[in-house]
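Working through the structure, step by step
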Amino acid sequence: MKRLLGIALFLAGCSSLIEQRDSGPVTSIDLEAIPEVIPRVEPITAAGNKSPYTVLGVTYLVLPEAQGYTERGLASWYGSKFHGRLTSNGEVYNMYALTAAHRSLPIPAYVKVRNLQNDREIIVRVNDRGPFHADRIIDLSWAAAAKLGFAEEGLAPVEIVAIDPAQYQVALAGASRQAPQLQPQAPAPLTDLSDNAYLQVAALRDQDSLSKLLDTLIPLLRQPIEVLNEDTDMGVLYRVQVGPIRERSELNLMQTMLEMSGLSPGFVVYREGCSQSC
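Description of the structure in this document.

Calculation rules
Residues numbered from 1 in each chain as written. Predicted model: local features only at pLDDT ≥ 70, side-chain atom pairs only at ≥ 80, totals over all residues. Heavy atoms only, no water. Helix = DSSP H or I, 4+ residues; strand = E, 2+ residues; numbered from the N terminus. Buried < 20%, exposed > 50% of the residue type's maximum accessible area, 1.4 Å probe, protein only. Polar contact = N/O pair within 3.5 Å; in protein donor to acceptor, adjacent residues only side chain to side chain. Contact = heavy atoms within 4.5 Å. Salt bridge = Lys/Arg side-chain N within 4 Å of Asp/Glu carboxyl O. Pairing = 2+ DSSP bridges. Axes fitted to C-alpha atoms, helices over the stretch in contact; angles between N-to-C directions. 1 Å grid on protein atoms, 1.4 Å probe; cavity = no way out; pocket = protein on both sides within 12 Å on 5 of 7 lines; lining within 4 Å. Points joined across faces, edges and corners; volume = space filled by probe spheres on them. Nonpolar A, V, L, I, M, F, W, Y, C, P; charged D, E, K, R; others polar. Phe/Tyr/Trp six-rings, centres within 6.5 Å; stacked < 30°, edge-to-face > 60°.

With that settled, the discussion passes to the side chain of Asn-49. Here Asn-49 is to be found in the loop between strand S1 (2-8) and strand S2 (53-55). For Asn-49, a relative accessible area of 16% translates into the label buried. There is a polar contact of 3.2 Å between the side chain of Asn-49 and the side chain of Arg-129. Not counting residues within four places of it along the chain, the set of residues in contact with Asn-49 comprises Ile-44, Val-62, Leu-105, Pro-106, Ile-107 and Arg-129.

Spelled out as structure tokens, the structure:
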């Protein structure tokens, strides 16, 4: 017999509408373990693309497309204060993913960001609105700022250039054909999971171990966490599950975060008697 023991929900607002103290992770993070962003063709979402829209008394217009967009100015970043909250298009903000907030680019969009102080550059996916400060042009996730080398400073001069995902995929395929031994494999297409898919992180019998695990998971994932209490011949078994998880991109990021924290990446389980797993 399974009983729902507890649910922790962590959904709130989106990007930096007001000035408040923010911070990065409290533990050391291996930046090399954070997956790179591979631009892919995606439809413009209904959420997050209202135009015009007004914030703090200022009205902004959303561009009809990102192609050809380039800009130079100051970049900022947002981290733990918003980790786990909803972005403008309804996704869950993950400060360990390479994402960004922009005032006028359509969502989603992909841009290459170059730190003009050290020439480091990365690709980020725009899925949020902001920053709503006249002197800044883009608000990066903590991970993006850390990879660009300015997470400690807080601000950096950058150049952003929009990427056409279709052209990027064509170029990536061409490069792979010319030198397949030197090119990393592109990730498998991101497909949706079913509504009853959950990431099972652990199955424990000790309540102290359960409490310690929850103390780690709650601030790390900021996702709905459920503990299923199952009576067995050997006593109570506590199954710790996170979800539901509807996209493989969300699953991949969550497992990466768990591994970076020294935990097992877990595995997917399907409720309602489904025996699938991955």
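Still to come is the rest of the account.
What follows is about the pattern of salt bridges. Evaluation of the coordinates by the stated rule reveals 9 salt bridges. Arg-40 is paired through a salt bridge with Glu-42; the nearest N and O atoms lie 3.7 Å apart. Take Arg-40: its relative accessible area is 28%, and that puts it in the partly exposed class. The salt bridge partner of Asp-135 is Arg-136, with a shortest N-O separation of 3.7 Å.

A few words on the sheet that holds strand S9 (residues 156-163). Strands in a sheet are paired, the pairing made by backbone hydrogen bonds, and the direction either parallel or antiparallel. Here 6 strands make up a closed barrel; going around it, the order is S4-S8-S5-S7-S6-S9 and the pairing mixed. With strand direction ignored, the average angle separating the axes of adjacent strands in the sheet is 45 degrees. The pairing of strand S4 (residues 70-78) with strand S8 (residues 136-141) spans 5 bridges and is classified as parallel. The residue bridging Trp-77 from the neighbouring strand is Leu-140, located in S8.

This part is about empty space enclosed by the protein. One pass over the structure, following the stated rule, counts 1 cavity of 30 Å³ or more. Estimates place the volume of the largest cavity at around 30 Å³. In terms of lining residues, the largest cavity is bounded by Ile-34, Pro-35, Asn-94, Tyr-96, Leu-253, Thr-256, Met-257 and Met-260. For the lining of the largest cavity, the residue count by class is 6 nonpolar, 2 polar and no charged.

With that settled, the discussion passes to the packing of aromatic side chains. Under the defined criterion, the tally for this structure stands at 6 aromatic pairs. Both rings, one in Tyr-53 and one in Phe-132, keep their centres 6.3 Å apart while their planes meet at 75 degrees; by these two values the pair is edge-to-face. Note that Tyr-53 is positioned in strand S2 and Phe-132 in the loop between strand S7 (121-128) and S8, a separation of 79 residues in sequence. Among the aromatic residues, those joined into a ring-pair cluster are Tyr-53, Tyr-60 and Phe-132.

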